[in-house]
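What the coordinates show
As a plain string of letters, each chain reads:
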Amino acid sequence: MADKKYYITTPLYYVNAKPHIGHAYTNILCDTFARFRRYLGEDVFFMTGTDEHGTKIEKAARDQNMEPKKYVDEMVPHFKDLWEQLGIQYDYFIRTTDEDHKETVRKVLEDLGARGELYKDNYQGWYSVKSETFYAKAELVDGKCPDTGGEVQEIVEENYFFRMSKYQDWLMDYIRKNPDFIQPEIRRNEILGFLKQPLQDLCITRPKERLSWGIPYPSSPEHVIYVWFDALINYVSGVGYKRNEDQFSRYWPADVHVVGKDIVRHHAVYWPIMLKACGVQMPHKVLAHGWWTLAGAKVSKSSGNIVDPIELIRKYGVDAFRYFLLREVTIGYDGAYSEDLLRQRYTSDLANDLGNLWFRVASMLAKYFGAVVPHADTLESEGLIRETYALWEKVREPMMAYDPRSALEAIWAVITSANQYVEENKPWVLAKDPKSKERLALVLATLTECVAHVAVLLVPFLPKTAQSMLAGLKLSSDGVMNADKFSRPLLRKGTQVERGDALFPRMEVEA
Ligand code: ME8
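Below is a short write-up of the structure.

Conventions and cut-offs
- Residues numbered from 1 in each chain as written.
- Predicted model: local features only at pLDDT ≥ 70, side-chain atom pairs only at ≥ 80, totals over all residues.
- Heavy atoms only, no water.
- Helix = DSSP H or I, 4+ residues; strand = E, 2+ residues; numbered from the N terminus.
- Buried < 20%, exposed > 50% of the residue type's maximum accessible area, 1.4 Å probe, protein only.
- Contact = heavy atoms within 4.5 Å.
- Areas by Shrake-Rupley, 256 points an atom, 1.4 Å probe, with all protein chains shown as cover.
- Near = heavy atom within 4 Å.
- Polar contact = N/O pair within 3.5 Å; in protein donor to acceptor, adjacent residues only side chain to side chain.
- Pairing = 2+ DSSP bridges.
- Axes fitted to C-alpha atoms, helices over the stretch in contact; angles between N-to-C directions.
- Parallel < 35°, antiparallel > 145°, perpendicular 65-115°, else oblique.
- Nonpolar A, V, L, I, M, F, W, Y, C, P; charged D, E, K, R; others polar.
- Left-handed = near helix turned anticlockwise from the far one by under 90°.
- 1 Å grid on protein atoms, 1.4 Å probe; cavity = no way out; pocket = protein on both sides within 12 Å on 5 of 7 lines; lining within 4 Å.
- Points joined across faces, edges and corners; volume = space filled by probe spheres on them.
- Salt bridge = Lys/Arg side-chain N within 4 Å of Asp/Glu carboxyl O.
- Core = buried A, V, L, I, M, F, W, Y, C linked by side-chain atoms within 4.5 Å.

With that settled, consider the overall build of the protein. Secondary structure summary: the protein contains 20 helices and 16 strands in total. The proportion of buried residues among the 511 residues of the protein is 57%. In the protein, the proportion of contacts linking residues at least 24 apart, taken out of those at least 6 apart, comes to 76%. Of the roughly 22,100 Å² of accessible surface on the protein, a fraction of 48% belongs to carbon and sulfur atoms.

Below is the structure:
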């Protein structure tokens, strides 16, 4: 087993609607990071899953006249199916309705109770019958429900609380001393700003009469556990906390929790304090990405402005969709989605730059050398080869800093250079002059090596395309990649290259 482990998580998605572009984005980011770390030879554990308890889910089930358990069982395959279509190679899929998870949640609560971290008290709030949700006074809009605009009633009920407030100073100090804990900086500052106001204790139960779809509170059958408290525990229960100590000590602390910017507070305030109270180590990083927006509004299931990934995969192929999401925005920023932009990326970056390079190189090899890569002793005299060999570090560095966009920019800079190299060297002119045979061999050997290196580096980003290129080059992406292996020729002598079908066929544009 590799010495270095890498544990990466996605949020657990609510199953009250099918997944959309926002959920696909998080999983594509995590998959790209996980695949890259596997390349580095790390022992990767990549976990995703579904958040299945709470009011939202209970209501969605009721709207369909279904029992919640039956409803969630029917929704989960939509997520698994999308991950399969997107080529997401996760190691474990956790559901908060799994018995293992529920067992860990109960044990965590028993432990926190024994440590004196929980107490029972009255909880006061405003309840909206229409949205069936409790709000704090500050959340109301003109004294009305912020979601439906309906009437709210003040309600007092008995609940259990977690002593979160006493850890406020500790957490501020921790975040200050660990500048990489929350990334990007704007979210870190937001959390530090939030922590300037007094932190309240967290109400961690709901009375069963108001919400029955949840994990029962261990010492009180009249209560169920608040859905966020249950869901956050997945990050440790998924690696065996309080059940499989070997697995837990192997993978915990998580290297990174990737989340959307709207749930940073849960991950960078509630979660670290829960862990601290249990005496468990902090995760290394909470990485927050921005939102995909449509006509200026967040794509979301509640507002119904959905962008359906399945439809886009069908139209443009999985890798065009992955490429667009990874390349279009810098992690942390919002991205304005439009199909026009996706189509532009498809045509210019994928079909013209990458697809065309592959097509030209493979076609010229076929035409001038019977598809067999020619031998050349002086590869390294070519500037393009030196640029290609230097690419590993230009991709590794941003990938370690969670910046896949810059990594792709570096790869595309080499693709652009390779296309220029074709234009400058004009192999079709060289081919006409028998005295230029050696030069022609060098040019095509250079180009084929360049394409091979690019294919290897594209595996984490565009796995399907990279695999077809590698298959055409008779190369495999198995085994550990590093700077040393990357700065040498990758192709075996006498390789017969197969061009195959176009990587990104020209679109008969559907507007
Ligand atoms: O919050 N663009 O689940 P969720 C980018 N169950 N990301 C988006 C997005 C968009 N338009 N819309 C949603 C939950 N997301 C909880 C998490 S974790 C222990 C529990 C992201 O299904 C959102 O930011 O509502 C969040 O990270 C994720 O999708 C899940 O949202």
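Turning our attention to the site of the ligand. Surveying the vicinity of the ligand reveals 24 residues, the closest of which are Leu12, Asp51, Asp262, Trp292 and Val299. Residue Asp51 places a side-chain N or O atom 2.7 Å away from a nitrogen atom belonging to the ligand. Val299 is positioned such that a nitrogen or oxygen atom in its backbone is 2.8 Å from a nitrogen atom of the ligand. Burial of the ligand by the protein amounts to 96% of the accessible area it has alone, namely 670 Å². Counting residues per element, the ones that place at least two in the shell around the ligand are strand E1 (5–14), helix H1 (21–39), helix H7 (227–232), helix H8 (234–237) and strand E12 (256–260).

This part is about helix H12 (residues 318–328). The element H12 is extensively covered by neighbouring structure, given that 11 of its 11 residues are classed as buried. Looking only at H12, the buried set comprises Val318, Asp319, Ala320, Phe321, Arg322, Tyr323, Phe324, Leu325, Leu326, Arg327 and Glu328.

Moving on, we get to the sheet that holds strand E4 (residues 118–128). Strand order in the open sheet formed by four strands is E5-E4-E6-E8, and the pairing between neighbours is antiparallel. With partners counted over all chains shown, the strands left at the sheet margins are strand E5 (133–135) and strand E8 (202–203), one partner each. Here E4 runs beside E5; their pairing, made up of three bridges, is antiparallel. Bridged to Trp126 within E5 is Tyr135.

Contact geometry of helix H5 (residues 168–177) with helix H10 (residues 264–278) gives a least axis separation of 11 Å together with a crossing angle of 110 degrees. Here H5 is positioned roughly perpendicular relative to H10, judged by the angle of their axes. Taking contact as the criterion, the partners of Trp170, Leu171 and Ile175 in H5 are, on H10, Ala268, Val269, Pro272, Ile273 and Lys276. The residue makeup of the contact of H5 with H10, split by class, is seven nonpolar, no polar and one charged.

So, about the packing of helix H16 (residues 404–425) against helix H18 (residues 437–458). Relative to each other, H16 and H18 sit at 165 degrees, their axes nearing to 11 Å. Here H16 lies roughly antiparallel to H18, going by the angle between them. Handedness of the H16/H18 crossing: left-handed. Across from Leu408, Ile411, Trp412, Val414, Ile415, Ala418, Tyr421, Val422 and Asn425 in H16, the residues of H18 making contact are Arg439, Leu442, Val443, Thr446, Leu447, Cys450, Val454, Leu457 and Leu458. When grouped by side-chain class, the residues that make up the contact of H16 with H18 number 15 nonpolar, two polar and one charged.

Enumeration over the complete set of coordinates arrives at one cavity of 30 Å³ or more. Here the largest cavity defines a volume of roughly 50 Å³. Residue lining of the largest cavity: Val108, Ile233, Val236, Tyr241, Trp271, Met274, Leu275, Cys278 and Val280, and that is the complete set. Among the elements that make up the lining of the largest cavity, the one with the highest residue count is H10 (four residues). In terms of residue class, the lining of the largest cavity is built from nine nonpolar, no polar and no charged.

Below, the discussion takes up the pattern of salt bridges. Scanning all chains against the criterion turns up 39 salt bridges. Where Glu328 meets Arg345, a salt bridge forms, and the shortest distance between an N and an O atom there is 2.8 Å. In this pair, Glu328 is assigned in helix H12 and Arg345 in helix H13 (residues 339–369), connecting sequence segments 17 residues apart. Each of the two residues, Glu328 as well as Arg345, counts as buried. One salt bridge in this structure joins Asp484 and Arg488, with 3.3 Å as the shortest N-O distance. Residue classification places Arg488 among the partly exposed positions, given a relative accessible area of 41%. Counted as one network, the salt bridges with shared partners bring together Glu52, Lys69, Asp73 and Arg95.

Our focus in this paragraph is the nonpolar core. Counting residues in hydrophobic clusters, the biggest one holds 169 residues, and the most contacted among them are Phe162, Phe229, Trp252, Ile411 and Leu447. Each residue touching Phe229, except ones within four places of it in the same chain, is listed here: Leu109, Leu112, Phe162, Leu202, Ile204 and Met274.

Looking now at unusual backbone geometry. For the peptide bond that leads from Gln183 to Pro184, omega is 0 degrees, which places it in the cis range. Turning to its location among the elements, Pro184 is positioned in the loop between strand E7 (182–183) and helix H6 (185–194). For the bond running from Trp252 to Pro253, omega is 0 degrees, close enough to zero to count as cis. Along the chain, the position of Pro253 falls in the loop between helix H9 (245–251) and E12.

Bringing the sheet that holds strand E3 (residues 92–95) into the picture now. Strand order in the open sheet made by the six strands is E3-E2-E1-E12-E13-E7, with parallel pairing throughout. With one partner strand each, in any of the chains shown, E3 and E7 form the two edges of the open sheet. Inspection of the sheet shows E12 paired to strand E13 (residues 286–289) by four bridges, in the parallel sense. Each residue of the ladder has a partner; that of His257, found in E13, is Val286. Packing against the sheet, H10 makes contact with E7, E12 and E13, and its axis sits at approximately 140 degrees to E12.

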